[in-house]
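# Report on the structure
Chain residues, written in single-letter form:
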Amino acid sequence: MTRETVNRFTQKLAHWLPVMLFACALFIVHKQLETHDVRDILASLQATPVAIVCVALTLTVINYLVLAGYDWLALRFTGHPRIPLPKMIAAALLSYAISNNTGHAWAAGGSIRYRFYSKWGVPGWDILKISLFQAITYLLGALSLGLVGSLLLPQYLSSTVPEPPAVHWVSLICAAALLIYWGAVLLWRKPLFIRGFELYLPSPAMALGQTAVSSIDVVLSSLVLWALLLGKVDIGFGTFLVVFVVAQVVGVISQVPGGIGVFESAFLWLMSDIEPTDQHLILISALLLYRVIYYFVPLLLAGAGLLCYEIYSRRELIIESGIALSRILSAIVPQLYSLLLLFAGSILLVSGALPANSEALEWLSDLVPLPIVELSHLAGSLIGLLLLFLARGILLKIDAAWYGSLFLLGLGIIASLLKGFDWREALTLCIVLTLMLPARGHFQRKSSLLRMSFSKSWLATIIMVLAGSIWLGFFAYRDIEYAHDLWWQFSYEGNAPRFLRALLLLAVVTVSYGLSRLLSVAPPSSMAKPSEMELTEAQQLLIQSSHTQGFLTLLGDKYLLWNPDRSAFIMFTVTSQFWIAMGDPIGEPSAIENLLWQFQEQADSYGAKPVFYQVSQELLPYYLDLGLSLFKLGEEARVDLSAFTLQGKQRDAQRSARNKFGKLGYRFEILSGQSAVASLPRLREISDAWLTSKNTREKGFSLGFFDAAYLQRTDIAVIKDESGQIRAFANLWQTADRQELSIDLMRYDPHSPNGIMDFLFAELMLWGKSENYRWFSLGMAPLAGLERRPLAPLWHKIGTTIFDLGDHFYNFEGLYEYKAKFAPIWQPRYLAAPAGISVPFILMSITRVISGGWQGIVGK
């Protein structure tokens, strides 16, 4: 089994691990609740005093304020202690309220922090380090208390109950992790390189601060649950804290969103060996309230707070232009309504699994015939399932999903009233329907609902909702003995038979849909790189183009997307989240607009977002129409060959190089055809020696690399010494209308005299002028031409800072100055990408693609 196969298997397992853990949690909860009835649990919840709930809410507020200590430590660790305290607390509260409810908390919290800290002058790399520092801080406290708790827990277990084996694993994992961390903090002072990133470990004093803050956090969060149990269980706080910490560590390790189900099942399982079973009902109701108070309430408040912040920060734009508000809503509405449909579908499925209100059914029996009640129950469950699938279509902005959602929500309201007069459920669905009615303009994408893509995380969510509702139904009717006659029993009180029939209907629909997807013609699971014949076809379009950037196609390292009549194409590469196109589309101008939409729809069908790298200003309106935002990457240097000359002070270097190498007997030649093929072995030697001397390796995507098949498709400019041996070369990009001439791969023998590349450039431009070429492209100077004004966009400020201080990792300014020697005309180049916090990650993905992986970034 290869390493790549293992990695793919691990990634797939990671997607479905939360589902498996959720299933295990359901099994454990079922075992713990088998002696209780659903009505008893609901009655216990209603009996909780309001004062106790208020105390738990107060402790939650205090705990969330303490969570700001994570940010306080992280900002000092990364060298940003001057962030005002109120701002820091606000960012921390919003971030933790959201990240506490996700599986990968550090990533979710980091994306929210980026929204705030980037505006306050914290670089994106430092924000990433802050998120990592906070994740380690929490784990440090949780693991410390988890180790203590798992070692002390056996003392509180019943003498008749064997010590659970899982407790030993918790102790082992916690002890090993803490030993590694503290050993590294105390003994290792060098930077760590993780996937190309340089990280420094905190000092021992900072590590102690991490442990203290995270331990206080865990203790305070346990107090929220303890307040709900105070006076109701016969254990001390010390025992309770031990159980709480172990259960929370298990929930964190599971990576199930918010640890939901896993934390509760672990807590009940551990408490079952300490407390008598008659107190389980109290524990269950307290855990449900704890989940609502500590997780859901802060999440709702954070969502409202974040929305208010976004509206406040854009208040001037919203007042001045309705377009700005439209753009904000277009980014929010699909995600928000998708969650609302998931919620509505879950409500219908849960309602179909639980017994209907007996008093309402008795009242309905005088008004509604039994067949209508039975059909309404089946319809309600089926509508709930369909809404889960339509929620994906709403997220993808498919117009048919909007129409289907309105239709199903309307039917769901009727079904809720007819199956048991559940007016609360009908009111909830009515609110969702009312919210969706005015949002038609946000769902314009034409696509088939039957062929829309489902991500693994979305399928996992559907599976967990279905599994939870099915388990709830079997739990509610566990006292009813199964018999074949149940399927055919029809009565107003027949809740269990109705649940079985609804379950069968859901199974048939789900399996039928799954089989139809499996047996139908599926889109290709993998795309193929272009063949030699396809590259030849593309080359014909490249030669007819007025720009040379498209010649990167001939490298063969990118995919090609053609329009139907193959008169235009887009070259691109694929990452897990983005389809990244290199430059503008190539080909017939009239086909470009439709081709861009085709590219976006293809990317969307694979669950990815389109990105266009180094695009020109000519097609900017098209990219804006796609809903993309523009970020200036730099400027391309183009030399007007009709006015080019070696005269003047600015051409001293080129003129001196030409005179010097002319005296040495060096000469300039253009190789093509068989002469170019015959020179390839020597060119390989020069290329390998150049890479070794520069301590670098081949790049890709937007930069050429040495490939014999690629070089054979272009002419090659060479410099030969007095003996006729090639000492430097560059392959040429040439257009048929002679509008532009450019080079890609340019390398020289490290043992050649200094200035050989100046000689090559001078000769090449003079040759291009003699051949009547209009422009010579020197390529893009990254980060050049960004605005330095006080009111310039944040991206420009970051870019100019990197440009000025970037000599530590890339000579931006030196490259700009070298190209400026040729007095070029500067033309801007842009990144067209989805707006928001994903831009830094897009740029990192592009850098990784160009460098051939994280190792390529670090190793040049």
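Report on the accompanying structure.

Thresholds applied
Residues numbered from 1 in each chain as written. Predicted model: local features only at pLDDT ≥ 70, side-chain atom pairs only at ≥ 80, totals over all residues. Heavy atoms only, no water. Helix = DSSP H or I, 4+ residues; strand = E, 2+ residues; numbered from the N terminus. Buried < 20%, exposed > 50% of the residue type's maximum accessible area, 1.4 Å probe, protein only. Polar contact = N/O pair within 3.5 Å; in protein donor to acceptor, adjacent residues only side chain to side chain. Contact = heavy atoms within 4.5 Å. Axes fitted to C-alpha atoms, helices over the stretch in contact; angles between N-to-C directions. Parallel < 35°, antiparallel > 145°, perpendicular 65-115°, else oblique. Nonpolar A, V, L, I, M, F, W, Y, C, P; charged D, E, K, R; others polar. Salt bridge = Lys/Arg side-chain N within 4 Å of Asp/Glu carboxyl O. Phe/Tyr/Trp six-rings, centres within 6.5 Å; stacked < 30°, edge-to-face > 60°. Lys NZ or Arg CZ within 6 Å of the ring centre and 35° of its normal.

### Focus on the side chain of Ser545
Examined against the element boundaries, Ser545 turns out to sit in the loop between helix H21 (532-544) and strand S3 (559-562). Of the residues examined, Ser545 reaches a relative accessible area of 18% and is grouped as buried. A distance of 3.2 Å separates a polar atom in the side chain of Ser545 from the backbone nitrogen of His547. Ignoring any residue separated from it by four or fewer positions in sequence, one finds Ser545 in contact with Thr735 and Asp737.

### Observations regarding the packing of helix H3 (residues 50-66) against helix H4 (residues 68-77)
Where H3 meets H4, the axes come as close as 4 Å, and the angle between the chain directions of the two elements is 5 degrees. Classified by the angle between their axes, H3 and H4 sit roughly parallel to one another. Where H3 approaches H4, its residues Tyr64, Leu65 and Val66 are matched on the opposing element by Ala68, Gly69 and Tyr70. Class assignment of the residues belonging to the contact of H3 with H4 gives a composition of five nonpolar, one polar and no charged.

### Section: the side chain of Ser351
Inspection of the secondary structure assignment puts Ser351 in helix H14 (residues 322-353). Those residues in contact with Ser351, other than ones at most four positions away along the chain, are Lys419, Asp422 and Glu425.

### Observations regarding the pattern of salt bridges
One pass over the full model with this rule turns up 21 salt bridges. A salt bridge links Arg566 to Glu534; the nearest nitrogen and oxygen atoms lie 3.8 Å apart. Residue Arg566 is located in the loop between S3 and strand S4 (568-574), and its partner Glu534 is located in helix H21; the two are separated by 32 residues in the primary sequence. Residue Glu534 is classed as buried on the basis of its relative accessible area, which comes to 17%. In this structure, the salt-bridge partner of Arg682 is Glu685, at a minimum N-O distance of 3.2 Å. On the criterion of helical spacing, the pair formed by Arg682 and Glu685 is a turn pair, its members being three residues apart in helix H26 (residues 680-694).

### Quick word on the packing of aromatic side chains
Enumeration according to the criterion identifies 21 aromatic pairs in this entry. Where Tyr559 meets Phe572, the ring centres are 5.7 Å apart and the plane angle is 40 degrees; that geometry is what we call tilted. Taken together, the positions of Tyr559 in strand S3 and Phe572 in strand S4 put the pair 13 residues apart, joining distant regions of the chain. Ring centres of Phe599 and Phe612 lie 5.3 Å apart, and the angle between their planes is 55 degrees; this geometry places the pair in the tilted category. One end of the pair, Phe599, is in helix H22 (residues 592-605); the other, Phe612, is in strand S7 (residues 609-615), with 13 residues separating them in the sequence. The residues Phe599 and Phe612 share a single accessibility class, namely buried. Ring pairing ties together the aromatic residues Tyr559, Phe572, Trp579, Phe599, Phe612 and Tyr623, which thus form one cluster. In this structure, Lys529 packs its charged tip against the face of Tyr559, placed 5.0 Å from the ring centre. Here the basic side chain of Arg566 rests over the ring of Trp562, its NZ or CZ set 4.3 Å away from the ring centre.

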